[in-house]
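Now for the letters of each chain:
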Amino acid sequence: MSNNKDIFSPKIIKDSGSLHPINHMKDSIMSLLVSFGFEIVDGPEIEIEEFNFDMLNIKKTHPARQMHDTFYLEKKSNVLRTHTSPVQIRGMLEKKPPIAFISGGKVYRKDDDSTHLPMFHQVEGILVDERISFAQLKDLIYKILFSLFGEDVELRFRPSYFPFTEPSAEVDILSSEGKWLEILGCGLVNPIVLDNCNIDSTKYSGLAFGLGIERIAMLKHQVNDIREFYKSNLDFLSQFK
Amino acid sequence: MKIAYNHLVSHIQEKPSVEMISEKLFQLGHEHEIQGNIFDMEFTPNRGDCLSINGLLRDLAAFYTVNFKQDICNEKLDTLKIDFTNLSKDICPNISFLKIEVEEIPAAYNGCLDSYFSELGLNKNNFFTDVSNYISYEIGQPTHCYDASKIEGKLAFQELDLNCEFETLLGKKINLKEKNPVFFLNDEIINLAGVVGSKKTSCNKETTSVMVECAFFVPESIIGKSIKYDIQSEASHKFERSVDPKCHELVIRRFIKIVSEHAKIKKMSLIIMNYQKKKFQLILPKLMKLLVSI
């Protein structure tokens, strides 16, 4: 038996494991929102069309409902959820206001490039009570983004469109290179959505927001290609321990 | 959608800079990137009304003094005699046809048509298709140009379950399957409505007589077709987001005006067909709900 070491055999890494940076980011955002008083709700990743689209006021003609954007299952009766909003629909159908839910997890869309993936993570929140206003929404968004990026971060709200909120806005942050980068979508819950969930929209109003976890992780860690997170490259992943 | 700064600013009295317009566009909720003097716009799905120069100017009028005046043909037009049957009026409640013949095709373009190609760096096709594309860019209404010499016989429109081959005007062969809204000429499909026409009836560089079809198709009938058949179609992008069903006369008169600025018109005639019943029902609880949400 030789005493010589085989210098070509791979090194056995004995380091302890850790959370994936995306899970870590998701957990820290959800913990932050729980500290604001939101309750975590969960739902299935395979959803019925009614909860994923119809109840959220996403009409049949909306581009997001097309086969090229959504993964349909079982002869179009079910979909891989395209956002975590149907979890909130389930929550609103179960409980009556005042309610403050957050839901986080995997969502699926037919996208695949350096800034989009067919599977990514979202955290969404909804608050429904009497006299909820856009001012409260703005205040909440500022608190979330100040916690994530520090109080020096510059924000801008842009008007936008989501069928489930009205009015709707997208929020950008100013990067160190002086570019505005989209970070989240938000708005006041469309009264149609409240009515769909048997909540009296003449009495109650709501605010809602949604964040893409990968996007926030990319910005925080200055990663340019979203696909890096899912290559199982330990050299890359161990940076975030 | 790419929109040239010069095409916007030429209608705005205050003459704002690219950066100033960009800032206003963001305020209006219109995401875009700036590439030199071009705005590469990304409109939200509810703003089909903005998919043109005029559409964007309507929004910018909130901030600036905007002059919308674009010359149109004001002549009285003869009525076009056409053997056309609409068998799916629910899918296509408004449709118009213009037949126009010119003495000769212009050797070069001028005015807004020339500027459209030079500013956006686009390739020209043939005269009538180029005018059609420009009108779509300016007003937002896609039109389809058939070579009028190839349109002889019975023309019909219908949404049908199909299983047949169709050759597009770009020579691409596709298999039409399931429900599709199509135009027939003597029982032969000559146009996948709102998406792409056929090679057999398309215009070419020698075409001097054209039949322009200007229609409104309900978005549900068009949506997803260009993706399904892998066809790049700006027309379908617009029809999917809905176009103005009442703009046909303006579009056609503008079309004639631009043609007349380039060539001597020998003959022209027009027919506008509206099948939509004028009904308006006020649902008070719905109105109240809308007012409350505002």
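Analysis parameters
- Counting from 1, residues in each chain are numbered in the order their sequence is written.
- Labels follow written order: the first chain is A, the first ligand is 1, and so on.
- Per-residue local features are limited, in this predicted model, to residues with pLDDT of at least 70; the limit for side-chain atom pairs, both in listing and counting, is 80 or more; totals at the level of whole chains, interfaces and linings are taken over all residues.
- Helix numbering and strand numbering both begin at the N terminus, where a helix is a DSSP run of H or I of at least 4 residues and a strand a DSSP run of E of at least 2.
- The atom set for the radius of gyration is the C-alpha atoms, and the globule formula is 2.2 Å times the number of residues raised to the power 0.38.
- Three exposure classes are used, based on other C-beta atoms lying within 10 Å of a residue's own C-beta, which is placed from the backbone: buried for 20 or more, exposed for 12 or fewer, and partly exposed in between.
- Think of it this way: build a C-beta for each residue from its backbone, and any pair within 7 Å is a contact.
- Angles run from 0 to 180 degrees between N-to-C directions of axes, and those axes are lines fitted to C-alpha atoms, restricted for helices to the stretch in contact.
- Each angle receives one of four descriptions, namely roughly parallel if under 35 degrees, roughly antiparallel if over 145, roughly perpendicular if within 65 to 115, and oblique otherwise.
- Residue type decides the class: Asp, Glu, Lys and Arg count as charged, Ala, Val, Leu, Ile, Met, Phe, Trp, Tyr, Cys and Pro as nonpolar, and the leftover types, Gly among them, as polar.
- What makes two strands pair is DSSP finding at least two bridges between them.
- The term nonpolar core refers to a set of buried Ala, Val, Leu, Ile, Met, Phe, Trp, Tyr and Cys residues connected through C-beta atoms within 7 Å.
- Marked domain ranges trace back to an automatic or database domain assignment.
- One confidence number per residue, pLDDT, is output by the predictor and ranges from 0 to 100.

Engineer: Describe in detail the overall build of chain B, supporting the description with residues and values.
Structural biologist: Along chain B, the regular secondary structure elements total 10 helices and 13 strands. Here the C-alpha atoms of chain B give a radius of gyration of 20 Å, agreeing with the 19 Å that 2.2 N^0.38 yields for 294 residues. Dimensions of chain B, computed from C-alpha atoms along their principal axes, come out at roughly 55 × 55 × 40 Å. Counting only residues that meet the buried cut, chain B has 38% of its 294 residues in that class. Restricting to contacts in chain B with at least 6 residues of sequence separation, those with at least 24 account for 72%.

Engineer: Give me the lowdown on the packing of helix α1 (residues 21-35) of chain A against helix α6 (residues 213-221) of chain A, citing residues and values where you can.
Structural biologist: All names here are of chain A. Interhelical geometry of α1 versus α6 gives an angle of 105° and a closest axis separation of 9 Å. The angle between α1 and α6 falls in the class roughly perpendicular. Along its contact with α1, which presents Pro21, Ile22, Met25, Lys26 and Ile29, the element α6 presents Ile213, Glu214, Ile216, Ala217 and His221. Considering only residue class, the contact of α1 with α6 consists of 7 nonpolar, 1 polar and 2 charged.

Engineer: Lay out the sheet that holds strand β1 (residues 2-4) of chain B with the relevant residues and their values.
Structural biologist: Residues and elements named next belong to chain B. With antiparallel pairing, 3 strands are arranged side by side in an open sheet as β1-β3-β2. Here the strands that pair on one side only, and so sit at the sheet edges, are β1 and β2 (31-35). Here the strands of the sheet are splayed against their neighbours by 30° on average, with no regard to which way each runs. Sheet topology note: the β2/strand β3 (residues 38-42) ladder contains 5 bridges and is antiparallel. Bridge pairing in β3 links His32 to Met41.

Engineer: Now, about the sheet that holds strand β7 (residues 143-147) of chain B: what can you tell me, with residues and values included?
Structural biologist: Residue and element names in this part refer to chain B. Within the open sheet, the 5 strands sit side by side as β4-β13-β6-β12-β7. Their pairing is mixed. Strands with a single pairing partner mark the edges of an open sheet, and in this sheet they are β4 (78-79) and β7. Relative to strand β13 (residues 265-274), β4 is paired through 2 bridges, and the arrangement is parallel. Note that in β13 the partner of Thr79 across the bridge is Leu270. Across the sheet, helix α5 (residues 127-139) is in contact with β7 and β12 (209-216); its angle to β7 comes to roughly 170°.

Engineer: Describe in detail the nonpolar core, supporting the description with residues and values.
Structural biologist: Counting 67 residues, the largest nonpolar core has Val131, Val210, Val212 and Phe255 of chain B as its most contacted members. Among the elements that make up this core, the one with the highest residue count is α5 of chain B (7 residues). Counting the residues that make up this core, at least three belong to each of domain 1 (2-60) and domain 2 (78-274) of chain B. The contact partners of Val210 of chain B, leaving out residues within four places of it in the chain, are Ile100, Phe128, Cys145, Tyr146, Asp147, Ala148 and Cys203 of chain B. Core analysis: the next-biggest nonpolar cluster, separate from the first, contains 47 residues, Met92, Ile144, Ile199 and Ile226 of chain A among them.

Engineer: Lay out the pairing of strand β8 (residues 165-174) of chain A with the relevant residues and their values.
Structural biologist: Residue and element names in this part refer to chain A. Note that strand β7 (residues 155-162) and β8 share 7 bridges and pair antiparallel. By the bridge assignment for β8, Phe162 is matched with Thr165. Turn length for the β7-β8 hairpin, with the two strands adjacent in sequence and antiparallel, is 2 residues. Where β8 lies against strand β9 (residues 180-189), 8 bridges are found, and the strand directions are antiparallel. Paired with Ser168 across the bridge in β9 is Gly187. Connecting β8 to the next strand, β9, in antiparallel fashion are 5 residues, including Gly178 with a positive phi near 80°.

Engineer: Can you break down the interface of chain A and chain B residue by residue, with the values?
Structural biologist: Contacts between the two partners involve 14 residues from chain A, matched on the other side by 14 residues from chain B. No other element matches the 4 residues that β7 of chain A contributes to the side of chain A that touches chain B.

Engineer: Give a description of the environment of Lys24 of chain B that names residues and reports values.
Structural biologist: Residue and element names in this part refer to chain B. Tracing the chain through its elements places Lys24 in helix α2 (residues 18-27). Expressed as a C-alpha distance, the spacing of Lys24 and Phe63, which sit 39 residues apart in the sequence, is 7.6 Å. Apart from residues no more than four positions distant in its own chain, Lys24 is found in contact with Leu60 and Phe63.

Engineer: Before we move on, could you go through the confidence of the model for chain B and cite the residues and values that matter?
Structural biologist: As a note on interpretation, predicted positions should not be read in detail where pLDDT is low. Model confidence for chain B is summarised by a mean pLDDT of 93, while 98% of its residues fall at 70 or above. Both scores are available for the predicted complex, with the pTM at 0.85 and the ipTM at 0.75.

Engineer: Can you lay out the environment of Phe236 of chain A for me, pointing to particular residues and giving the numbers?
Structural biologist: Turning to its location among the elements, Phe236 of chain A is positioned in helix α7 (residues 234-237). Setting aside residues up to four positions removed in sequence, Phe236 of chain A forms contacts with Glu228 and Lys231 of chain A.

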